[in-house]
Structures are given as C-alpha cells and as structure tokens.
Amino acid sequence: MLQHLTIVTTGGTIDKVYFDDKSTFQIGAPAIGDILKQLGVAFDFDVIALLRKDSLHITEEDRDLIKRTIEAQPHRQILVTHGTDTMVETARVLQAIPGKVIVLTGALNPARFQGSDAVFNIGCAVGALQTLPDGVYVAMNGRIWDPLRVRKNRDANCFEAA
C-alpha cells in the first residue's frame, strides 16, 4: 500500500504557463502538488522541484542529477514529471537504479489548460506505482510503457510502441 510518494519534477509541458505580455509559454512552478491536493489522495507526498526545463534542453548532466536525486530518496515509489520529448531517454538512464519503482509521466498539454491530459496521466502513474514491481516505466496515453519499447510520435502527438 502506498504510504508516501516522492515526486521529482523536471519541468516540461505539464508545468508550462502562458504569459500574455510575452506571448510565449514558460515553465512555471510544479502543478502536481496542487493536483494531488485537489484530488484528496490518501497518501503523503513530497515534491522535489529539481529542474524547470523543456525536456529538449535536458542534458546528460541533468539526467545524472535526476538519477542521483532519486537514488538518495528513502522511499521506494518515485514519480517523475518530465517533458514528453525526451522522457524516454531519461527513463532509460534511470533503469540503472535498483530497488525502486519509478514512473515518468508528463502531459501533451499544460496542466493548467482545460482538457489537459495531465490529471489522467498522473492518476495512471500513481496507480502504476502501487502495482508494478521494481523498475522504470513511462505512463502516457492511458498505458504503462517499458522505456525500451516506446517512443513519442511527434507527428501524431502520442506515445506508441517502438
């Protein structure tokens, strides 16, 4: 039973906000804490706001920081919010971490937008964290993916079997 969830946020579309004065999107504060509070989840969680980057700008050094941060956490179940463009690459790096269930999720539309897939993806990820064995997974489009067997189809704006 999930008692405590550690969440590591890295930015990505899920946390993007629109600034009218700049007519652009920027990465804002992590949305996941507010989402989980609004949903009234029955477990404790903490949010480690590690990065605020578009995933296209995440470097190998950033991935190493994400890996080291997760390795240092005392809890077994880790949820990572991440931009969708390079989520799979980060998931593959995290596969070297033993003894934890790690699920990466994100959104194809910002969490603050009406009709965003963010809440659904987070719910899917939380369910996966409670049922899957140790390992690393990607939760997107209503499915749980093995990072070695999935890719983002940018043209169709969805994840699919690789």
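Residues numbered from 1 in each chain as written. Predicted model: local features only at pLDDT ≥ 70, side-chain atom pairs only at ≥ 80, totals over all residues. Heavy atoms only, no water.

### Things to note about the packing of aromatic side chains
The condition that has to hold: Each Phe, Tyr or Trp ring (for Trp, its six-membered ring) is paired with any other whose centre lies within 6.5 Å, and the angle between the two planes then decides the class: stacked below 30 degrees, edge-to-face above 60, tilted in between. Two conditions define a charge sitting above a ring: the NZ of Lys or the CZ of Arg must be within 6 Å of the ring centre, and it must be within 35 degrees of the ring normal.
Using the criterion set out here, one finds 0 aromatic pairs in the structure. Over the ring of tryptophan 145 we find arginine 143; its NZ or CZ atom is 4.2 Å from the centre of that ring.

### Notes on the sheet that holds strand β8 (residues 143-145)
Put simply, the rule is: DSSP-based pairing: two strands are paired if at least 2 bridges between them are found. Secondary structure elements follow DSSP: runs of H or I of four or more residues count as helices, runs of E of two or more count as strands, with numbering from the N terminus. Axis definition: a line fit to C-alpha positions, over the contact stretch in the case of helices; interaxial angles, taken between N-to-C directions, run 0 to 180 degrees.
With mixed pairing, the 6 strands of this open sheet are ordered in space as β4-β1-β5-β6-β7-β8. Lying at the two open borders of the sheet, with one neighbouring strand each, are β4 (44-53) and β8. Direction aside, neighbouring strands of the sheet carry axes that sit 25 degrees apart on average. Across 4 bridges, the pairing between strand β1 (residues 4-11) and strand β5 (residues 77-81) is parallel. By the bridge assignment, threonine 6 is partnered in β5 with isoleucine 78.

### A word on the pairing of strand β10 (residues 158-161)
Sheet topology places strand β9 (residues 150-153) next to β10; 4 bridges connect them, and they run antiparallel. By the bridge assignment, arginine 151 is partnered in β10 with glutamate 160. Hairpin connection of β9 to β10: 4 residues between the antiparallel strands, including asparagine 157 at a positive phi of 55 degrees.

### Here we look at the side chain of aspartate 62
For clarity, the threshold we go by: Burial here depends on accessible area, computed with a 1.4 Å probe over protein chains only, as a share of the maximum for the residue type. Under 20% is buried, over 50% is exposed, and the range in between is partly exposed. Here a polar contact is recorded for every N or O atom pair within 3.5 Å, except that within protein the pair must consist of a potential hydrogen donor and a potential acceptor, and residues adjacent in sequence are included only if both atoms are side-chain atoms. Any two residues having at least one pair of non-hydrogen atoms within 4.5 Å are treated as being in contact.
Structurally, the position occupied by aspartate 62 is in helix α2 (residues 60-71). The exposure class assigned to aspartate 62 is buried, which follows from its relative accessible area of 9%. At 3.0 Å, the side chain of aspartate 62 forms a polar contact with the backbone nitrogen of threonine 59. Residues within four places of aspartate 62 in sequence aside, it is in contact with Leu51, Lys53 and His57.

Distances and angles like these do not, on their own, reveal function.
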